[in-house]
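Tertiary structure, described
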Amino acid sequence: MYSLGVLAVTSFLLALVLTPVVRNLARRRGWVDAPGEERRIHAQPVPRLGGVPVFLSYGASLVLLALSPLSAGNIVQAGAPLALRILPAAGLIFCIGLLDDLRGVKPWQKFAVQVAAASIAFWAGVQIRGVAGFTMPEWLSLPVTLLWLAGCSNAFNLIDGVDGLAAGAGLFATLTILLGALLHGNVALALTTAP
């Protein structure tokens, strides 16, 4: 439990430091969401690239925990092979988001990359094999997993037009997953969710 707190605080502090740095860089470079564009309700330009400090803080906090003498560091190290298999999928999602923030990407291009990343995650071991205690046939696991991963990505992307809405929904979803992981004793999921 102590490790979860260290992980969450470390990630929070790193994001707290990195967010203004990335925000100021985005403002200087003109990487902003201008008011008046479709689905935009803000009155002043809002800097893009908010995912960069989140991505860096998440990864750095896990690496720091893995290198620490805390017992959870061993769990993070034991999960490293799976994390390395999933890293290309996370990297694809990060890169398409970054490209979308910097230059703009057509919806079909973003969706194609999301499906490709979900496919990589599926073959790496992230698979939905059942729902609410019911096991689904093996042939159904791939389409359900792809639909769920790409669908969740798009759901958050669609609500990201109002300040704080996606962040608030993400916070509550994350806290729910963390609570579920703790109640079921799934330490690896708790460590993955805490940052």
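Structure: see above.
Residues numbered from 1 in each chain as written. Predicted model: local features only at pLDDT ≥ 70, side-chain atom pairs only at ≥ 80, totals over all residues. Heavy atoms only, no water.

1. Considerations on the overall build of the protein chain
Counting its regular elements, the protein chain contains 8 helices and 4 strands. Counting from the amino terminus, the protein chain carries its helices and strands in the arrangement α-β-β-α-α-α-α-β-β-α-α-α. For 195 residues, the compact-globule estimate of 2.2 N^0.38 gives 16 Å, and the C-alpha radius of gyration of the protein chain, at 18 Å, lies within 12% of that figure. For the protein chain, the spread of C-alpha atoms along the principal axes amounts to about 45 × 45 × 25 Å. Burial analysis of the protein chain (195 residues in total) assigns 24% to the buried set. Of the accessible surface of the protein chain, which amounts to about 12,500 Å², a share of 71% is contributed by carbon and sulfur atoms. (Helix = DSSP H or I, 4+ residues; strand = E, 2+ residues; numbered from the N terminus. Rg over C-alpha atoms; globule rule 2.2 N^0.38 Å. Buried < 20%, exposed > 50% of the residue type's maximum accessible area, 1.4 Å probe, protein only. Areas by Shrake-Rupley, 256 points an atom, 1.4 Å probe, with all protein chains shown as cover.)

2. A closer look at helix H5 (residues 107-124)
Under the 1.5 Å per step criterion, the end-to-end length of H5 is 25 Å for 18 residues, consistent within 8% with the ideal 26 Å. Listed in full, the buried residues belonging to H5 are Lys110, Gln114, Ala117, Ala118, Ser119, Ala121, Phe122 and Ala124. Packed against the buried residues of H5 are helix H4 (80-102) and helix H6 (138-158). After H5 finishes, the residue Gly125 shows a positive phi value of roughly 125°. (Expected span 1.5 Å × (residues − 1). Contact = heavy atoms within 4.5 Å.)

3. A word on the packing of helix H2 (residues 51-67) against H4
The geometry of H2 relative to H4 is characterised by a closest axis approach of 10 Å and an angle of 160° between their N-to-C directions. Between H2 and H4, the angle falls in the class roughly antiparallel. Along this stretch, H2 crosses H4, giving a crossing that reads as left-handed. Across the interface between the two elements, Gly51, Val52 and Phe55 of H2 pack against Ala90, Phe94 and Leu98 of H4. For the contact of H2 with H4, the per-class residue count stands at 5 nonpolar, 1 polar and no charged. (Axes fitted to C-alpha atoms, helices over the stretch in contact; angles between N-to-C directions. Parallel < 35°, antiparallel > 145°, perpendicular 65-115°, else oblique. Left-handed = near helix turned anticlockwise from the far one by under 90°. Nonpolar A, V, L, I, M, F, W, Y, C, P; charged D, E, K, R; others polar.)

4. A look at unusual backbone geometry
Positive phi outside glycine occurs at Leu49, with the angle close to 75°. With respect to the helices, strands and loops of the structure, Leu49 is situated in the loop between strand E2 (46-47) and H2.

5. A word on the environment of Ala150
Structurally, Ala150 can be placed in helix H6. Among residues more than four places away in sequence, those in contact with Ala150 are Phe111, Gln114 and Val115.

6. A closer look at the pattern of salt bridges
In total, this model carries 1 salt bridge according to the counting rule given. Between Lys110 and Asp100 there is a salt bridge, with the nearest N and O atoms lying 2.6 Å from each other. Within this pair, whereas Lys110 is found in helix H5, its partner Asp100 is found in helix H4, the two being separated by 10 residues in sequence. The class for Lys110 is buried, based on a relative accessible area of 11%. Look at Asp100 and you get buried, because its relative accessible area is 17%. (Salt bridge = Lys/Arg side-chain N within 4 Å of Asp/Glu carboxyl O.)

7. A word on a nonpolar patch on the surface
On the surface, Val9, Phe12, Leu13 and Leu16 cluster together into a nonpolar patch covering about 400 Å² of accessible area. With respect to the element layout, Leu13 can be found in helix H1 (residues 2-29). (Patch = residues over 30% accessible without salt bridge, like charges linked within 9 Å, V, L, I, M, F, W, Y side chains within 5 Å.)

8. Some words on the packing of aromatic side chains
When we look at a pair of aromatic rings, we describe it by the centre distance and by the angle of the planes. This structure, assessed with the given rule, holds 2 aromatic pairs. Relative to Phe94, the ring of Phe55 lies with its centre 4.2 Å away and its plane at 20°, an arrangement referred to as stacked. Separated by 39 residues along the polypeptide, Phe55 in helix H2 and Phe94 in helix H4 bring together distant segments of the chain. Of the residues examined, Phe94 reaches a relative accessible area of 22% and is grouped as partly exposed. (Phe/Tyr/Trp six-rings, centres within 6.5 Å; stacked < 30°, edge-to-face > 60°.)

9. Some thoughts on the environment of Ala116
Counting through the fold element by element, Ala116 comes out in helix H5. Given a relative accessible area of 33%, Ala116 falls into the partly exposed group. Along the primary structure Ala116 and Cys95 are separated by 21 residues, whereas in three dimensions their C-alpha atoms are 13 Å apart.

10. A short note on the packing of H4 against H5
One can describe the packing of H4 onto H5 by two numbers: an axis separation of 8 Å at closest approach and a directional angle of 170°. Here H4 is positioned roughly antiparallel relative to H5, judged by the angle of their axes. Facing Leu82, Arg85, Ile86, Pro88, Ala89, Leu92, Ile93, Ile96 and Asp100 of H4, the residues of H5 in contact are Lys110, Val113, Gln114, Ala116, Ala117, Ile120, Ala121 and Ala124. Taken together, the residues of the contact of H4 with H5 sort by class into 13 nonpolar, 1 polar and 3 charged.

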